[in-house]
Structures are given as C-alpha cells and as structure tokens.
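Close look at the chain arrangement
Next come the chains, spelled out residue by residue.
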Amino acid sequence: MKNKLASILIASFLLIVFFSCTKKENKIYFEGGTEPILSASKSGTIPLSYATKDQEAIKLTWTNPDYKFTTGPSSQTVSYQIEIDTTGSNFTNPNKKIISVGSDLSISISQNDFNDYLLNQLQLSTTMAHNVEIRIKSTLINGAVPLYSNVLKFNVTPYAIPPKVAPPASGKLYIVGNATNGDWNNPVPVPSQEFTKVSPTFYTITLPLKGGNFYLFLPVNGDWSAKYGAMGGNGSNNPNGDDFKAGGGDIVAPAASGNYRIDVDFQRGKFTVTKL
C-alpha cells in the first residue's frame, strides 16, 4: 500500500512539473495605433498684429492615437508635442519650435505667443511672409512609440516687437572681465574689447577668452553703473550662449581658452559664443 501511494505521489509530481514547464508565457505585445488627425481653426494665412496680440492666433485640435496592446487599449498616459517649422525643413530645423501640451487634445495659441515663436525661435524676419508647417507628435511613457499627425501649412508674417532687452542708449557695447585680456580693469582697452554694431539691436565681437573665467557687457566704457549679464547668479549661464538681462550676473566663459565670436542680440534677449 505504501509503495502504491508513493507511486501515485511521484506521478502527480511529474505531471505538475511537466505542465509547469510547457505552460506558455502570457506576453503583452504592442499592436499599433492610429496617427493623430490634426485640424485648425484657420487655414491658409494666420493673421498677426501687435494691435491684437492678446487675441487668439490659432486653435489646434487633434485625435487620440488609440494605442493598443494584446490586452486591449493602452491605459498609459499619452503625451503630445506641437512642432512648428519652416516649410522645406521637414521638421529637422534645429530652431524648430516644440510645445509640450501634456495629454490635452487641443491648444489655443495667442498672436503674441505665435509671433514670439516665429521671431525668437525660428528667427524669421518681420519684413516678409513665410511658409510654416505644424504637426503633432504623440508618444507613450518615456517617449516610446512616436506617431505623427498630418501636416498643416500656413503663411505668416511676424510683426516687429520691442526688443526683449533694451539696447544701449549709447549705441556702443564693451566687454570687461577676467576672461578677457583687459581683466576687470575699467575702462577696457579699445578697440580690442569694443563690439561692432551691426544694427541697433545686434552687436558682435571676436576676441580671445580665458577658459572658465567671467565677463560682463558694458554700454559705457569706464562706467560700472550699467551692465548686462546672466539671468541668474554669477556663472549660472550656458557658456555657449544664453538669455541675458540688464544688471545680470557675471557670465562664465567656455571651459577651453581660445578665440571666440560673441554675438549679442537685444531683440531676442540672447547672446551666443562660438569658438573659432
């Protein structure tokens, strides 16, 4: 009897092991989604005017891409980004505007904001009309499974706005600091540390910089009462270029010493530093 019971137990155990080993895994697979369909409140031309800058420029709406898995529709949050670029760039322009809108399915953009995208991000001129394109990019968590909508095309003419940072009334600009050969001595040596005025809102200079050190922009040589510097505290800026403001903190230079071109754009409120 004991031998018979033992045989039954062994057989049962072997059956359990067999079925455990041959049981298929219940894997979950992505089955796809539907590209979002983008529509807009306007077509053809988007009118922009400083006089109506607070009014709506355009309202965009789009459909849910309905991501699906083998278990059914995705329960993950879908995120969306609006991409605005110039026609012909195929959304590869490094200056294209990207607007994150979370999980919403629509957005209203004011004329003021849309004009800002054109001027300060796409860097388009106010003197002519431009062709731009807009599309929606949808993704799951961590940017997975991107899907792109249809592309809408528009004609836009940005309007001129007051500079983001008031340009120097002196019409001149200088650089001072221990990143320069003149150090913090003020007045600075000229013409080696005086910018060239390209336009009332744009200045440029080429000079050697000492890596990791600091500098400021001065509208009047020999005068500390006014300056332009970093948006945050001393050294808070991106060394390769950033926003700036009147009365800002010391600007840190790139880590490597060498010859650089510094462009200061008061219209956009940005400066760029390019190694030569």
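Described below are features of the structure shown in this document.

Conventions used here
- Residues numbered from 1 in each chain as written.
- Predicted model: local features only at pLDDT ≥ 70, side-chain atom pairs only at ≥ 80, totals over all residues.
- Heavy atoms only, no water.
- Pairing = 2+ DSSP bridges.
- Helix = DSSP H or I, 4+ residues; strand = E, 2+ residues; numbered from the N terminus.
- Salt bridge = Lys/Arg side-chain N within 4 Å of Asp/Glu carboxyl O.
- Buried < 20%, exposed > 50% of the residue type's maximum accessible area, 1.4 Å probe, protein only.
- Axes fitted to C-alpha atoms, helices over the stretch in contact; angles between N-to-C directions.

**Here's the deal with the pairing of strand β20 (residues 258-265)**
Of the strand pairs in this sheet, strand β15 (residues 202-209) and β20 are connected by eight bridges, and their pairing is antiparallel. The residue bridging Phe202 from the neighbouring strand is Asp265, located in β20. Pairing of β20 with strand β21 (residues 270-275) involves six bridges; the strand directions are antiparallel. What sits directly across from Tyr260, in β21, is Lys275.

**Examining the pattern of salt bridges**
Tallying each qualifying case throughout the model produces eight salt bridges. When the shortest N-O distance is used, the salt bridge between Lys53 and Asp54 registers 3.7 Å. What makes Lys53 partly exposed here is its relative accessible area of 24%. The partner of Glu133 in a salt bridge is Lys153, and the shortest N-O contact between them spans 2.3 Å. Here Glu133, found in strand β10 (residues 130-139), pairs with Lys153, found in strand β12 (residues 152-156); they are 20 residues apart in sequence, far enough to count as distant. Each of the salt bridges in this network shares a partner with another, and the network as a whole consists of Glu83, Lys96 and Arg135.

**So, the sheet that holds strand β2 (residues 38-40)**
As summarised here, the arrangement of the three strands in space is β2-β4-β9, forming an open sheet in which the pairing is antiparallel. A strand with exactly one partner marks an edge of an open sheet, and here the two such strands are β2 and β9 (106-110). For this sheet the average axis-to-axis angle between neighbouring strands, irrespective of direction, equals 20°. Pairing of strand β4 (residues 56-62) with β9 involves five bridges; the strand directions are antiparallel.

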